[in-house]
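Residue strings, one per chain:
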Amino acid sequence: MSVSLPSSLLVSLSLPAFPAMDDDSEKMRNCLICEVPINECHLGIDSCRACSVFYKRTIKLNKDWLKCKKGTNDCIEIKPTTSCRKCRFRKFSEILAQSAHKDEVEDDGSDSESEIGKRLSQPSTSFLDHDSFTLLPAPPSNTPLLERIKNGYSLLCVIRKTGEINLIPPELVPKPVDSKTTELDFFPLRYSLVIPTAKVFAGALYDFGSATFADFRELSLMERNTASNIDKNSHIRILKSRIIFKISIILASFKYIVLLDSAYRSAKYFPGCDTRCAGYMFTASNEGIGAFLEDCPHDINREEIASAFRQNFGKLSQVKEHLKRLAPSDLEFAILFGLCFWHNDVSIANESMTAMVERNRKAITDELHVMYKKQGRADYAARLGELYCLIASMEEISTLAEADMALYKLMNIFTEFPSK
C-alpha cells in the first residue's frame, strides 16, 4: 500500500501551543469522571486531560447522536474507565454543572494576562499528542523555542496519525489493542507495515523541523555559488543540496527520536506491561511476535527469530522504564526531543552544518536554564543530569539495536532495510 506523505503540510507554521493549565496544588487527586490519578485540573474541575478533550470535542459535535452502549445509562458508575461515550459525557456534564466554572468552558479560553502569567510560572505535566496541536497564537513566554517544539511535536503526531490510519489492514480494524488511558485505537504491528510506518514518521519529522526551527526551514546550500547569474543546473544542484542537508539531520536523529517517542507514549498508554508503541497507532509485544511475522515474505526460521526478538525486546523497554522513573514535564520532553533532533551524529562533515547543530542545541539548553530558574528548582543540577543520562541511555540502546539488526539480517529478516 502506497503512502502519500504530507511533506509540505503546514511547513511554514511555527505557532506554539498554549501550556496546559496546572493546578496550584501538587497533591495527587483522581479525575472525577474516569478516576485516573491526576495532579492538575481542566475546565475548572478535577478532570483529566483526556476527559476534558473528549467533553469539548463532543460539545462541538451534535451530542444528540450519543447512545448508551448497554442502554442502561449507568456504564460509568459500574466501570469508570468505560468506553461508553454517552455515559462519560453525561457524568462530565453533571459534575461541570455543579461547579462555578461552567462559563469558562463556554467562553473557551478568555484567561486574563495575570492568569496566563501565573500558569507559565508553573511546571506543566500535560501529555503531548495529536490533541495538543493548536493554530492559536502563542501567549507570552520566556521559553518560546520550547513552546514551538511542543506544538511542532503535536503537529508531528497529527501527521503520523493521519498517515497510519491509511495503513491499517481491514482485518485488524475489529481487533484493536486495549489501552485504558486513551480513546486512540491501537493495532498490532505486522512485518509488512514496518517500512511504511517508518516512512510516515520520517515525513512527519521533516515537517516538525520545518515548522519549529528557522535554520531547518531555511537551510540552503552551504557552499553556494556566489555568481550573480545562476543557471538552471545550479538551481537544481542547490535544491538537491538543501534536501541532502535536511535528510542528513533527520537520518542522524531518527533512531533516537524513535526510541524517545516510543518510550514516551508507551509509558503513558501501556505503563504496566511489555507492550510498546511501534508506530503512532501500532504496537509490539512479546505475545504478538508470532502474529508480527505472519506476513513476512522471506524464507525464515520463525521460532529462531521469535526467540531472538524476545531476548532483545527487553533492551528497548529499558528506555520506557527510564522515562517512567524520570517522569518529564511537557517542557522537559520538548527539551529531550529537540536535543535528539539536533543530534551530533550528522553524517555530513561540514563546518557550517556542525555550527548549525551546536547553535540550535545551545538555544534549547539556554531555555532549559531559563525554565528551571523560573521554577526555582533546588535540584536544578541533578535534574539536568537525569535528562542527559536518559539521552546517553538511548544512545547506548541504539548502538545495541543496530547490532541486533545486523543479526536479524543474517537470519534473512529486515533485509529490505538499508545498511548504515
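Just so you know, these numbers come straight off a predicted model, no measurement behind them.

1. Considering the sheet that holds strand β5 (residues 282-284)
Spatial strand order, β3-β5-β4: three strands in an open sheet with mixed pairing. What marks the edges here is a single partner per strand, and that holds for β3 (187-188) and β4 (276-277).

2. With respect to the state of the cysteines
Inspection of every chain in the model, using the stated rule, returns zero disulfides. Between Cys-51, a free cysteine, and Cys-48, which holds the nearest cysteine sulfur, the sulfur-to-sulfur gap is 3.5 Å. No disulfide involves Cys-84; its sulfur sits 3.6 Å from that of Cys-87, the nearest cysteine. A residue is classified by how much of its surface remains accessible, and Cys-84, at 0% relative accessible area, is buried.

3. Some thoughts on unusual backbone geometry
Here Glu-35, not a glycine, exhibits a phi torsion of approximately 70 degrees, which is positive. Looking at the secondary structure, you find Glu-35 in the loop between β1 (29-30) and β2 (37-38). For Glu-35, a relative accessible area of 46% corresponds to the partly exposed category. In this structure, Asn-73 is a non-glycine residue whose phi angle is positive, near 60 degrees. One can find Asn-73 in the loop between α1 (49-60) and α2 (75-78).

4. Topic: the confidence of the model for the protein chain
Looking at the protein chain, the pLDDT average stands at 76 and 75% of residues meet or exceed 70. For the protein chain, helix α5 (residues 113-120) is the element with the lowest average pLDDT, namely 38, and helix α6 (residues 144-165) is the one with the highest, namely 94. Across residues 1-26, confidence stays below pLDDT 50; counting only partners more than four residues off in sequence or on other chains, it has 76 contacts. With pLDDT under 50 throughout, residues 220-232 is counted as low confidence; its partners more than four residues away or in other chains account for 17 contacts.

5. So, the packing of α6 against helix α13 (residues 351-375)
α13 packs onto α6 with a crossing angle of 110 degrees between their chain directions and a minimal axis gap of 8 Å. Classified by the interaxial angle, the pair formed by α6 and α13 is roughly perpendicular. Contact with α6, carried on its side by Pro-144, Leu-145, Leu-146 and Ile-149, involves Ala-363, Ile-364, Glu-367 and Met-371 of α13 and no other residues of that element. Here the contact of α6 with α13 is built from residues that sort into seven nonpolar, no polar and one charged.

6. What to know about the environment of Leu-368
Note that Leu-368 resides in helix α13. For Leu-368, a relative accessible area of 1% corresponds to the buried category. For the pair formed by Leu-368 and Glu-332, sequence separation is 36 residues and the distance between their alpha carbons is 7.9 Å.

7. Things to note about the pattern of salt bridges
Across all of its chains, the model carries 12 salt bridges by this definition. One salt bridge connects Glu-402 with Lys-255, and the closest N-O pair in it is separated by 2.8 Å. Placement of the pair is Glu-402 in helix α14 (residues 380-410) and Lys-255 in helix α9 (residues 232-269), with a sequence separation of 147 residues. Judged by its relative accessible area of 26%, Lys-255 falls in the partly exposed class. The partner of Asp-366 in a salt bridge is Lys-362, and the shortest N-O contact between them spans 2.9 Å. Here the residue Asp-366 and the residue Lys-362 both occupy positions in helix α13, the gap between them amounting to four residues, near one helical turn. With relative accessibility at 34%, the residue Asp-366 sits in the partly exposed group. Connected through shared salt-bridge partners, Glu-147, Lys-150 and Asp-330 make up one network.

Quick notes on the rules
Residues numbered from 1 in each chain as written. Predicted model: local features only at pLDDT ≥ 70, side-chain atom pairs only at ≥ 80, totals over all residues. Heavy atoms only, no water. Pairing = 2+ DSSP bridges. Helix = DSSP H or I, 4+ residues; strand = E, 2+ residues; numbered from the N terminus. Disulfide = S-S within 2.5 Å. Buried < 20%, exposed > 50% of the residue type's maximum accessible area, 1.4 Å probe, protein only. pLDDT = per-residue confidence, 0-100. Contact = heavy atoms within 4.5 Å. Axes fitted to C-alpha atoms, helices over the stretch in contact; angles between N-to-C directions. Parallel < 35°, antiparallel > 145°, perpendicular 65-115°, else oblique. Nonpolar A, V, L, I, M, F, W, Y, C, P; charged D, E, K, R; others polar. Salt bridge = Lys/Arg side-chain N within 4 Å of Asp/Glu carboxyl O.

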